[in-house]
Amino acid sequence: MKTTYREALREAMRDAMRRDDRVFLMGEDVGAYGGCFAVSLGLLEEFGPDRIRDTPLSESAFVGAGIGAALGGMRPIVEVMTVNFSLLALDQILNGAATLLHMSGGQLNVPVVIRMTTGAGRQLAAQHSHSLEGWYAHIPGLRVVAPATLEDARGMLWTALEDPDPVLVFEHGTLYNLEGELADDAGPVDLDRAAVRRAGDDLTIVTYGGTLGTALAAADGLEAEGISAEVIDLRTLRPLDWPTVLESVARTHRAVVVDEGWRTGSLSAEVAATVTEEAFYDLDAPVARVCSAEVPIPYARHLEEAALPQVPDVVAAAQHVVGASGG
Amino acid sequence: MTAPAAPAPTASVEHRVHLLREMVRIRRFEERCVQLYSAASIRGFMHLYIGEEAVAVGVMAALEADDAIVATYREHGHALARGVPAGPIMAEMFGKVEGTSRGRGGSMHLFDASRRFYGGNAIVAGGIPVAGGLALADKMLGRPGVTACFFGEGAVAEGEFHETMNLASLWDLPVLFCCENNLYAMGTALARSEAETDLAAKASAYQMPAWTVDGMDVEAVADAARRAVLHIRAGGGPVFLELRTYRFRAHSMYDPERYRDKEEVARWREQDPIPAYAARLAADGALGEGDLAAIEAEADAEVDEAVAFAEAGTFEPVEDLTRFVMSEQEVAP
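Below is a short write-up of the structure.

Cut-offs used in this document
- Residues numbered from 1 in each chain as written.
- Chains lettered and ligands numbered in written order.
- Predicted model: local features only at pLDDT ≥ 70, side-chain atom pairs only at ≥ 80, totals over all residues.
- Contact = placed C-beta atoms within 7 Å.
- Helix = DSSP H or I, 4+ residues; strand = E, 2+ residues; numbered from the N terminus.
- Nonpolar A, V, L, I, M, F, W, Y, C, P; charged D, E, K, R; others polar.
- Buried ≥ 20, exposed ≤ 12 C-beta atoms within 10 Å, placed from the backbone.
- Axes fitted to C-alpha atoms, helices over the stretch in contact; angles between N-to-C directions.
- Parallel < 35°, antiparallel > 145°, perpendicular 65-115°, else oblique.
- Left-handed = near helix turned anticlockwise from the far one by under 90°.
- Core = buried A, V, L, I, M, F, W, Y, C linked by C-beta atoms within 7 Å.
- Domains from an automatic or database assignment.
- Pairing = 2+ DSSP bridges.
- Right-handed = clockwise from strand over helix to strand, strands pointing away.

**Re the interface of chain A and chain B**
No. 1: In this complex, chain A contributes 39 residues to the contact, which on the side of chain B involves 38 residues.
No. 2: Taken together, the elements giving at least two residues each to the side of chain A that touches chain B come down to α3 (59–71), α5 (90–97), α6 (100–103) and α8 (150–162) of chain A.
No. 3: Of the residues forming the side of chain A that touches chain B, the biggest block, 10 residues, is contributed by α3 of chain A.
No. 4: A breakdown of the residues in the side of chain A that touches chain B according to their chemical character gives 15 nonpolar, 18 polar and 6 charged.

Here you go:
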């Protein structure tokens, strides 16, 4: 069936609410408004205001309430409108959800799912364009996922709700209108493994979320030049599926990491460092990275485009690593 | 406003002696903690409840087994009054695997899921939203539980307090907000940090009953908590209690107490909730000659046993360092 990323997310929530009475959604404008990005549109009518729960603009209180409700036996889906606002709830996520299991000696697991929009590309300027999923992936005690396809938008939620621990779901804002075919029986998917989205021999492009499309477009362009790029979608940013990445690099001998986060202290740095540590002797060239420029994301279209990883940047990085090894 | 003077059911002698015994248990336990801290058996931050015992004991007396508790980093008293055994609490402070949190939490992070004791939060006001969520779960699941959320008056300056007060009132959540006003947020006096120092007035702004209670009087606390819990269980929504109390000891073991004078502490010590209550019980004939000494001896024996339990405890093998970061069960899609 033809669907969109937004509809796939909505169908995942509808399915979860039907499967399990303990599941409910809360967040700012998820009910009457239908969700800031219309993801939950129509759910209020089907499930009522108790389970599609509009909250005050109190990120810390309602994220903390999600943690408490999870401790109390519910399976909350908490929607934080965007990753930028999640900073107002960082105490609850980092000091609470991520620590409780360990700090209680294994007594208190927190089965909460926290969804939020991430990323730039819509001319929303510096306070609505962060890509901080890499930050969250820094934190032990959390599982961090980034659905980049219709299958993952449809399938990750249920698995996340079944997870006994907190799961953060990052939905890139430019993906909501992504259209495509989804199998009628599409259902839950794993949250453990990275996926090879395109097979190739000459280099491995490692990416996730909003830049998967960028990487795939770059791979198409490279093919025309006779360079065969493999594209890996990390899918889960914590814990990272290293075997899939390292196996690929062992075959291609070159790696380019594409990450919309800033370069310094980033997830791309983690990937580059681990590939260097674990696969140094497989590499024919230094690992390259394509990241956002180190600026608060600006409003004007040409400046925003210049700040974000673009297809030509990925192509150039790929040509460089291939050229650097004489390939 | 102060708590309305509804007539309390006549408390039995057993109940009144129980309240006294619980306060003595906490006092004796913590006095031993001071010695053990000096002996370096306990490390890290340790915050004592000495002087404030009537608050936890009075509130816990109003709760049932199905109710939930969220406390702060000054929570030895709450854990003991909730029935968490003294041995595992002491072992936790010794960093032993037999501790309430297998030595991963320490003094500030005591937990007991079986008693719905949800810690032990070292971020001021950090537990308040979680308490709101526990109450939300009870409400959505149709359970009668009340969540008692303890926090100091310093937490009233935090956004999480205001956000959760609003949310709890808006959604009629069964939360008993227990503000332990001991006058100092670490070293900052209330009047130096709050434009409005009438805490019940602040709470009233969120459209919930808010009562000011003498937190040095265990029966006043127990009575107010009992009536608040009745109100909440009847579906009346949250209640806020300001429990006026005083911490006799320093904020933590590192506090030189430059912010308050000795005369003030001495004045409050005259209101020590334990001897005052013991004298009242004696005057009422509820406590006989030697009864207090016997209660103290029992408490000392319990503490001795707890210390022995902690000393005999073992340390978690370092190989298990990374256990309990994520749950130990497989998740299939």
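**Describing the environment of W158 of chain A**
Residues and elements named next belong to chain A.
No. 1: Within the secondary structure, W158 is located in helix α8.
No. 2: Taking the number of C-beta atoms within 10 Å as the measure of exposure, W158 has 21 and is therefore buried.
No. 3: Counting along the chain gives 146 residues from W158 to A12, while the straight-line C-alpha distance between them is 7.0 Å.
No. 4: Excluding its chain neighbours within four sequence positions, the residues that come into contact with W158 are A12, D15, A16 and P188.

**Concerning the packing of helix α1 (residues 13–38) of chain B against helix α12 (residues 291–312) of chain B**
Residue and element names in this part refer to chain B.
No. 1: Running from N to C, α1 and α12 cross one another at 45 degrees; their axes reach a closest spacing of 9 Å. Between α1 and α12, the crossing angle belongs to the class labelled oblique. Classified by chirality, the crossing of α12 by α1 is right-handed. The residues of α12 that touch α1, namely those facing L20, R21, V24, R25, R28, F29 and R32, are I295, E296, A299, D300, E302, V303 and V307.
No. 2: Taken together, the residues that form the contact of α1 with α12 break down as 7 nonpolar, no polar and 7 charged.

**Observations concerning the nonpolar core**
No. 1: Counting 209 residues, the largest nonpolar core has I205, V256 and A318 of chain A together with C149, L176 and L241 of chain B as the members making the most contacts within it.
No. 2: Both domains that furnish three or more residues to this core are identified here as domain 1 (2–181) and domain 2 (195–324) of chain A.
No. 3: For V256 of chain A, the residues in contact, after removing those within four places along its chain, are L203, I205, A288, V290, V314, A317, A318 and V321 of chain A.

**Some thoughts on the sheet that holds strand β12 (residues 236–238) of chain A**
All names here are of chain A.
No. 1: The 7 strands are arranged β3-β2-β4-β5-β7-β6-β12 in an open sheet whose pairing can be described as mixed. Looking at which strands have only one partner, the edges of the open sheet turn out to be β3 (52–54) and β12. Each strand of the sheet is rotated relative to its neighbour by a mean of 20 degrees, with strand direction disregarded.
No. 2: The pairing of strand β6 (residues 143–145) with strand β7 (residues 167–172) spans 3 bridges and is parallel. Note that in β7 the partner of V144 across the bridge is L168.
No. 3: Contacts from α3 reach β2 (23–27), β4 (75–82) and β5 (113–118) within the one sheet, and its direction differs from that of β4 by about 160 degrees.

**Remarks on the pairing of strand β14 (residues 288–292) of chain A**
No. 1: Of all 5 residues making up β14 of chain A, 4 are buried, and the element is well covered by its neighbours.
No. 2: Following the backbone out of strand β13 (residues 255–262) of chain A, through helix α11 (residues 267–279) of chain A and into the adjacent parallel β14 of chain A, one traces a crossover that is right-handed.

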